[in-house]
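Results of the structural survey
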Amino acid sequence: LAYADVLLQYLRWIKDDAVENDIKKALYVAIKTNPFVPDLIGVEGNEEDDADDDNDGCYSPGGIKEAKMYVCEGSHIGAQKLWGKYPEATSWMKALKFGGPKVPDEMGVITLLQSGITFQMKCVHTDLDGRER
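This report concerns the structure included in the present document. Computed from a predicted model, the values in this text were never measured in an experiment.

A negative phi angle is the norm for most residues apart from glycine, just as the trans form is the norm for most peptide bonds. A positive phi angle is found at D16, which is not glycine, with a value near 60 degrees. The residue D16 is located in the loop between α1 (2-14) and α2 (20-33) in this model. Of the residues examined, D16 reaches a relative accessible area of 71% and is grouped as exposed.

This is how it looks when you write it as structure tokens:
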């Protein structure tokens, strides 16, 4: 349900009924729950990939098999269909997960730290002329 909440928050944000930080928090919670789902949403042919997996009905929460079950199997094909109706939401989610072009400014980083969200940051060291070392 974490990714359904992300889509709901996204749709609210588009209608100016929510702030961007609310949807970002929902996305971070969803990625923490299962980081593989964004990789599979919007990708054709995931159903055939299950031939390699043993279909014993067991999965580990947060694993790739759970993500495939959410996106591809049974009634959850609706997740693929639902997200497919909102390609801009899929693009937005993937851009954030895979490091979109927007880099937060100093206040943005402070706000994220104060909110309690855990995130990964890459630091690039430069010399005085701005060249990477």
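The next subject is the packing of α1 against α2. Running from N to C, α1 and α2 point in directions that differ by 165 degrees, and their axes come no closer than 9 Å. Comparing their axes, α2 and α1 come out roughly antiparallel. Here α1 runs over α2; the crossing is left-handed. Contacts between α1 and α2 pair A2, Y3, D5, V6, Q9, Y10 and W13 from the former with E20, D22, I23, A26, L27, A30, I31 and T33 from the latter.

Glancing now at the environment of F36. Along the chain, the position of F36 falls in the loop between α2 and α3 (37-40). You can call F36 partly exposed: its relative accessible area is 31%. Residues within four places of F36 in sequence aside, it is in contact with G62, G63, I64 and A67.

Quick look at the packing of α1 against helix α7 (residues 87-97) now. Between α1 and α7, the shortest axis-to-axis distance is 11 Å and the interhelical angle comes to 110 degrees. Between α1 and α7, the angle falls in the class roughly perpendicular. Crossing geometry of α1 relative to α7 is assigned as right-handed. Contacts from Y3, L7, Y10 and W13 of α1 reach α7 at E88, A89, W92 and M93. Its residues placed into classes, the contact of α1 with α7 shows seven nonpolar, no polar and one charged.

Turning next to the pattern of salt bridges. Under the defined criterion, the tally for this structure stands at two salt bridges. We note a salt bridge from R12 to D17, for which the minimum N-O separation is 3.4 Å. In this structure, E20 engages K24 in a salt bridge whose closest nitrogen and oxygen atoms are separated by 3.8 Å. Taken together, the positions of E20 and K24, both in helix α2 and four residues apart, correspond to about one turn of that helix. Here K24 falls in the buried class, since its relative accessible area comes to 17%.

Turning our eyes to something else, we now look at the nonpolar core. Ranked by internal contacts, the top residues of the largest apolar core, which has 22 residues, are Y3, V37, I41, Y70, V71, W83 and M93. Of all the secondary-structure elements, those providing two or more residues to this core are α1, α2, α3, α5 (64-72), α6 (77-84) and α7. For V37, the contacting residues outside a window of four places in its chain are Y3, A67, Y70 and V71.

Let us now look at α7. Every buried residue of α7 is accounted for by A89, T90, W92 and M93. An end-on view of α7 places all buried positions within 165 degrees of arc, on one side of the element.

Criteria and cut-off values
- Residues numbered from 1 in each chain as written.
- Predicted model: local features only at pLDDT ≥ 70, side-chain atom pairs only at ≥ 80, totals over all residues.
- Heavy atoms only, no water.
- Helix = DSSP H or I, 4+ residues; strand = E, 2+ residues; numbered from the N terminus.
- Buried < 20%, exposed > 50% of the residue type's maximum accessible area, 1.4 Å probe, protein only.
- Axes fitted to C-alpha atoms, helices over the stretch in contact; angles between N-to-C directions.
- Parallel < 35°, antiparallel > 145°, perpendicular 65-115°, else oblique.
- Left-handed = near helix turned anticlockwise from the far one by under 90°.
- Contact = heavy atoms within 4.5 Å.
- Nonpolar A, V, L, I, M, F, W, Y, C, P; charged D, E, K, R; others polar.
- Salt bridge = Lys/Arg side-chain N within 4 Å of Asp/Glu carboxyl O.
- Core = buried A, V, L, I, M, F, W, Y, C linked by side-chain atoms within 4.5 Å.
- Arc of directions from axis to C-beta.

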